[in-house]
Structure formats: C-alpha cells, structure tokens
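# Inside the fold
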Amino acid sequence: MITIHYLGNEFIKEDSLAIELVKKIKDKYKEKVKFQKIQTFEDLISMKDKYYFMDVCEGITKTRLINDIAVFENIRRITSHDMDFGFFLKLNDKLGEINKIRIICLPQKDYKELEIDVDNILKKLLGEVQ
C-alpha cells in the first residue's frame, strides 16, 4: 500500500481538483492507496518517508507525473500553500530526507480523461512498490 499526500483548498475552485478527485476515486483504491490530505504546514515539515504527492498546477492541460523537484518548481502552482510546498520540498531535499519523489500534477480544470490519466499513473506507482 502507498500513501499519497494531497494538497488543495476546497474554497478556491482552481485549487480544489485534488480534493474532488480523491472523493471520487478513494473507494476504488482503498485496498492499495491511502489518500492523506495535508492540512497544516506541520504536515510538510518532515517529508521523510513521504514519497507520493498530488497537487493542482497552473498552465498544464493534462495530468503529469513529476519525479524531479526542479521540474515541479518550474510549474506554476495555485495558492500560497504551494509556494510553501515548494520551499519544504527544497528544504527536505537539502536535508537529505527525500530519496525519491513522485508528484501527480493535476491541471486546474477537470477534463474528460482525468480519471483515466490518474488511474494510469497510480498503476505505474503501484508497480514501483511491488
């Protein structure tokens, strides 16, 4: 089983897609994936043993899997928590607490194949841990 830590703000439409998506797919993956919402900055302080994240990113039209913090930093994110998320990613990387990272980047807007794309990414991630 893997845990995917996701970010989002249900009060800001452009930043709520990860929350809405998790509500739709969590039962489908309940045996293989635990979805855990990042609620506070304390949840981000130590990323040791946290490898999988999901967040909404601006300027992309399809879901992407990012394996590199530098690539993630070059994608514009939506709200202030994302600036802090990027900061904590860099900090934890410098501290040597990040051995690998996988970030599922969702576009701001839902699109027809969103769940299919996320399903394919989750299959890939689950294959990595077997």
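That block above? That's the structure.
Now for a description of the structure that goes with this document. Just so you know, these numbers come straight off a predicted model, no measurement behind them.

About the criteria used
- Residues numbered from 1 in each chain as written.
- Predicted model: local features only at pLDDT ≥ 70, side-chain atom pairs only at ≥ 80, totals over all residues.
- Heavy atoms only, no water.
- Helix = DSSP H or I, 4+ residues; strand = E, 2+ residues; numbered from the N terminus.
- Contact = heavy atoms within 4.5 Å.
- Buried < 20%, exposed > 50% of the residue type's maximum accessible area, 1.4 Å probe, protein only.
- Pairing = 2+ DSSP bridges.
- Axes fitted to C-alpha atoms, helices over the stretch in contact; angles between N-to-C directions.
- Salt bridge = Lys/Arg side-chain N within 4 Å of Asp/Glu carboxyl O.

With respect to the helices and strands, the residue proline 107 is situated in strand S5 (residues 102–107). Apart from residues lying up to four places away in sequence, proline 107 is in contact with Leu17, Val56, Cys57, Ile60, Thr61, Lys62, Thr63 and Leu114.

Our focus in this paragraph is helix H1 (residues 17–25). Listed in full, the buried residues belonging to H1 are Leu17, Ala18, Ile19, Leu21, Val22 and Ile25. Each element contacted by the buried residues of H1 is listed here: strand S1 (2–6), strand S2 (33–37), strand S3 (52–57), S5 and helix H5 (114–129).

Structurally, the position occupied by aspartate 119 is in helix H5. Excluding residues within four positions of it along the chain, aspartate 119 makes contact with Lys28 and Tyr29.

The next thing to look at is the pairing of S5. Summarising burial for S5: 6 of the 6 residues are buried, a large majority. The alternating pattern of S5 places Arg102, Ile104 and Leu106 on one face and Ile103, Cys105 and Pro107 on the opposite face, and all of these are buried. Pairing of S3 with S5 involves 6 bridges; the strand directions are parallel. Bridge assignment links aspartate 55 to a residue of S5, and that residue is cysteine 105. Pairing between strand S4 (residues 64–66) and S5: 3 bridges, direction antiparallel. Considered in S5, the bridge of arginine 64 is made with cysteine 105.

So, on to the sheet that holds S2. Spatial strand order, S2-S1-S3-S5-S4: 5 strands in an open sheet with mixed pairing. Each edge of the open sheet carries a strand with a single partner, namely S2 and S4. Looking at each pair of strands side by side, their axes are set apart by 25° on average, direction ignored. Where H1 meets the sheet, it contacts S1, S2, S3 and S5, and its direction lies at approximately 125° from that of S3. Across the sheet, H5 lies against S1, S2, S3, S4 and S5, angled at about 180° from S5, the strand it touches most.

To continue, consider the pattern of salt bridges. For the coordinates displayed, the defined rule picks out 7 salt bridges. A salt bridge links glutamate 115 to lysine 24, with the nearest nitrogen and oxygen atoms 4.0 Å apart. Of this pair, glutamate 115 sits in helix H5 while lysine 24 sits in helix H1; the two residues are 91 residues apart in sequence, bridging distant segments of the chain. Ionic pairing is found between lysine 62 and aspartate 117, a salt bridge with its closest N-O pair at 3.4 Å. With lysine 62 in the loop between S3 and S4 and aspartate 117 in helix H5, the pair connects residues that are 55 residues apart, well separated along the chain. Here lysine 62 falls in the partly exposed class, since its relative accessible area comes to 40%. Looking at aspartate 117, the relative accessible area reads 16%, which means it is buried.

In short, shape yes, function no, at least from these values alone.
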